[in-house]
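Chain by chain, the residues run as shown.
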Amino acid sequence: MAKPRIGFILCVCTGDCPGFATMNVWDLINQVRLALPVEWAIVHPQLCEIDGDRFLDDLLKTNSIDPDMHYFIAGCSPNMQMKLMSPAFKKHNLDFSEMAKPLDVRNMTTDEAFDEIEKQLEEWGIIDE
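All figures in this text were calculated on a predicted structure; none of them were measured in a lab.

**Let's talk about the pairing of strand 3 (residues 69-75)**
Working step 1: Within strand 3, seven of the seven residues are buried, which leaves it mostly tucked inside the rest of the structure.
Working step 2: Two strands pair when backbone bridges link them, and strand 1 (residues 5-11) and strand 3 are joined in this way by six bridges, in the parallel orientation. Residue Ile 9 lies in a different strand from strand 3, and its bridge partner there is Ile 73.
Working step 3: Inspection of the sheet shows strand 3 paired to strand 4 (residues 100-104) by five bridges, in the parallel sense. Its bridge partner lying in strand 4, Phe 72 is registered against Lys 101.

**With respect to a negative patch on the surface**
Working step 1: Taken together, the side chains of Asp 27, Asp 111, Glu 112 and Asp 115 present a region of like negative charge at the surface.
Working step 2: The leading source of residues in the negative patch is helix 5 (residues 110-123), at three residues.
Working step 3: Mapping Glu 112 onto the fold places it in helix 5.
Working step 4: The exposure class assigned to Glu 112 is partly exposed, which follows from its relative accessible area of 43%.

**Regarding the sheet that holds strand 1**
Working step 1: Spatially, the four strands line up as an open sheet ordered 2-1-3-4, and their pairing is parallel. Each end of this open sheet is capped by a strand with a single partner; those strands are strand 2 (40-44) and strand 4. Ignoring strand direction, the axes of neighbouring strands in this sheet form an average angle of 20°.
Working step 2: Strand contacts of helix 3 (residues 78-91): strand 3 and strand 4, with the helix running at about 150° to strand 4, the strand carrying the most contacts.
Working step 3: The strands that helix 5 touches are strand 1, strand 3 and strand 4; relative to strand 4, the one it contacts most, it runs at about 150°.

**Brief notes about the confidence of the model for the protein chain**
Working step 1: Mean pLDDT over the protein chain: 90, with 97% of residues reaching 70 or higher.
Working step 2: When mean pLDDT is taken per element in the protein chain, helix 1 (residues 25-35) scores highest with 97 and helix 2 (residues 50-63) scores lowest with 88.

**Re the nonpolar core**
Working step 1: Phe 8, Leu 10, Val 32, Val 105 and Ile 117 are the most contacted members of the largest nonpolar core, which has 24 residues in total.
Working step 2: Of all the elements in the fold, those that place two or more residues in this core are strand 1, helix 1, strand 3 and helix 5.
Working step 3: Those residues in contact with Leu 10, other than ones at most four positions away along the chain, are Val 25, Leu 28, Ile 29, Ile 42, Val 43, His 44, Ala 74 and Val 105.
Working step 4: In this structure, Ile 9, Cys 11, Ile 73 and Phe 89 belong to the second largest nonpolar core, which totals 16 residues.

**Describing the side chain of Gln 81**
Working step 1: Position of Gln 81 relative to the elements: it lies in helix 3.
Working step 2: Under the relative-accessibility criterion, Gln 81 is labelled buried at 1%.
Working step 3: Every residue in contact with Gln 81, bar those within four places of it in the chain, is listed here: Ile 73, Ala 74, Gly 75, Cys 76, Ser 86, Phe 96, Pro 102 and Leu 103.

Conventions we followed
- Residues numbered from 1 in each chain as written.
- Predicted model: local features only at pLDDT ≥ 70, side-chain atom pairs only at ≥ 80, totals over all residues.
- Heavy atoms only, no water.
- Buried < 20%, exposed > 50% of the residue type's maximum accessible area, 1.4 Å probe, protein only.
- Helix = DSSP H or I, 4+ residues; strand = E, 2+ residues; numbered from the N terminus.
- Pairing = 2+ DSSP bridges.
- Patch = residues over 30% accessible without salt bridge, like charges linked within 9 Å, V, L, I, M, F, W, Y side chains within 5 Å.
- Areas by Shrake-Rupley, 256 points an atom, 1.4 Å probe, with all protein chains shown as cover.
- Salt bridge = Lys/Arg side-chain N within 4 Å of Asp/Glu carboxyl O.
- Lys, Arg positive; Asp, Glu negative; His and termini not counted.
- Charge placed at Lys NZ, Arg CZ, Asp CG, Glu CD.
- Axes fitted to C-alpha atoms, helices over the stretch in contact; angles between N-to-C directions.
- Contact = heavy atoms within 4.5 Å.
- pLDDT = per-residue confidence, 0-100.
- Core = buried A, V, L, I, M, F, W, Y, C linked by side-chain atoms within 4.5 Å.

What follows is the structure, encoded as C-alpha cells:
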C-alpha cells in the first residue's frame, strides 16, 4: 500500500490566541512545506468558524475522490478538532479518524512545533524513521 499524500493545515485561532505567542507561524509553515513530504501547506485563521466550514467542505469535495489524500491539521486540541471538523468529513463519506491527524501545537515555539509535526508524520508512517 502506498503512503498517503498529505495536505497540511495550520489553524492559528485568528493569530491572537496566546497559545501561538512563541511561534513564528510563517516560519513554521515554510519549514513544513519545504522540509517535510507534504503535497501542500496552508495557514487558516480559524477552521472552527463558518468560513472554515466552507473551506473544509470545498477541500474535501475536491479531494474526496482521492483515497490517498490525508490531512494533517495542527492547531488546537485534537478532541476539539475532531468535534468541530469531523462533520465536514462525514458529509463527504470520509472518516476523520482515518483521514486526518490532529495535533495541538499551542504553547510551542516554532522549533518545538516543527519537531512535533515531524515526529507525528513519522508515527503516521509518512516519514521513515
